[in-house]
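# Architecture and fold: a report
This is what each chain is made of:
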Amino acid sequence: MDRICFGIDIGGTSVKLGLFTENGNLLDKWEIPTRREDSGSHILEDVAASVNKKIADDNLVRENIIGIGIGVPGPVTEDGTVINCVNLGWGVFNVAKETEKLTGFKTRVGNDANVAALGEMWQGGGRGYKNLIMVTLGTGVGGGVILNGEILTGSNGAAGEIGHLTVNPAEEDKCNCGRPGCLEQFASATGIVKEAKRLLDKSKEPSKLREVQHLSAKAIFDNAKEGDKLANELVEELCRYLALALSHIAHVVDPQAFVIGGGVSKAGTILTDITKNFYENNVLFALKNKDFKLAELGNDAGIYGSAKLIIGK
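To keep things clear, this report deals only with the structure shown in the data block. (Residues numbered from 1 in each chain as written. Predicted model: local features only at pLDDT ≥ 70, side-chain atom pairs only at ≥ 80, totals over all residues. Heavy atoms only, no water.)

The full count for this structure, using the stated rule, is 18 salt bridges. When the shortest N-O distance is used, the salt bridge between lysine 194 and aspartate 173 registers 3.0 Å. Remark: aspartate 173 occurs in the loop between strand S10 (150-151) and helix H5 (184-187) and lysine 194 occurs in helix H6 (residues 189-202); sequence separation between them is 21 residues. According to the relative accessible area criterion, lysine 194 is partly exposed, its value standing at 36%. Of the charged contacts, one joins glutamate 205 and lysine 229 as a salt bridge, the two residues approaching to 3.8 Å between their closest N and O atoms. Of this pair, glutamate 205 sits in the loop between H6 and helix H7 (217-225) while lysine 229 sits in helix H8 (residues 229-253), and the two are 24 residues apart along the sequence. (Salt bridge = Lys/Arg side-chain N within 4 Å of Asp/Glu carboxyl O. Helix = DSSP H or I, 4+ residues; strand = E, 2+ residues; numbered from the N terminus. Buried < 20%, exposed > 50% of the residue type's maximum accessible area, 1.4 Å probe, protein only.)

The following block contains the structure:
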């Protein structure tokens, strides 16, 4: 029988769990609620109970289980210690050791955005690359850096916070992190909508966006594809800021590729093509001609990456 492992992605609302073979085949996936009461003290207990139930229900042989990989929404050090996962109510404690105690299986833990990047490298849009940057454009902007096939965690587990690179020092409004001018303020789904409202207020330019009752990133990109001038301005602004941030990272780590995911990435190649064009103008010759890819795993990237954390370790 193939060796197997569990990949687990702990979010603020639900915990996604996946059962994988060692070569990356997803055998099954399911979810359980995230119980955040009592400072999140029940979360790992529930995870362990769900893992043990799966083992019993499917008559799995414990000796064939490599271990458990876990992604969490916060900084994580190399030894599996989380540092203030606010969305879960956690302070500072070692998630890996606690999970090992509850399940008896070897456990590795990573930041959820970093783990998603690892998943895309393994079985998604980043297949074939060992050095890549992933950026996730959703409600916020997340990211992960993969070097030589491994997550770059940094000294406090906070590497890869791409969304908080400063791209507009002149911006006066503050980001959710408390600082102004972050990429997240311009390249997130909420950011582009905010910029759209600004532009529509100060411009008299005709635009179909004025007829949209509930502005969204999708509506902006859809209208840009149809040739709407203001929508195209907004898309170009997002891509220009994103390209600037990616060029800064490239000058430090020289990746093979950039993988773009999150809800905004559903816009498709208009996003990657325009971003790449701006990127080429921002980097040294040796850093040009990088590949720009769209993520492929969607909401499953976290469980894939978590499984990859434990495989081969």
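Let us now look at the sheet that holds strand S11 (residues 257-261). Pairing within the open sheet is mixed, and its five strands lie in the order S10-S9-S8-S11-S12. Two strands close off the open sheet at either side, each with one partner strand: S10 and strand S12 (291-294). Bridge analysis of strand S8 (residues 132-137) against strand S9 (residues 141-147) gives six bridges, and the strand direction is antiparallel. Bridged to threonine 136 within S9 is glycine 142. Seen against the sheet, helix H4 (residues 112-123) touches S8, S9, S10 and S11 and runs at an angle of roughly 55 degrees to S9. Against the sheet, H8 makes contact with S8, S9, S11 and S12, and its axis sits at roughly 150 degrees relative to S8, the strand it touches most. (Pairing = 2+ DSSP bridges. Contact = heavy atoms within 4.5 Å. Axes fitted to C-alpha atoms, helices over the stretch in contact; angles between N-to-C directions.)

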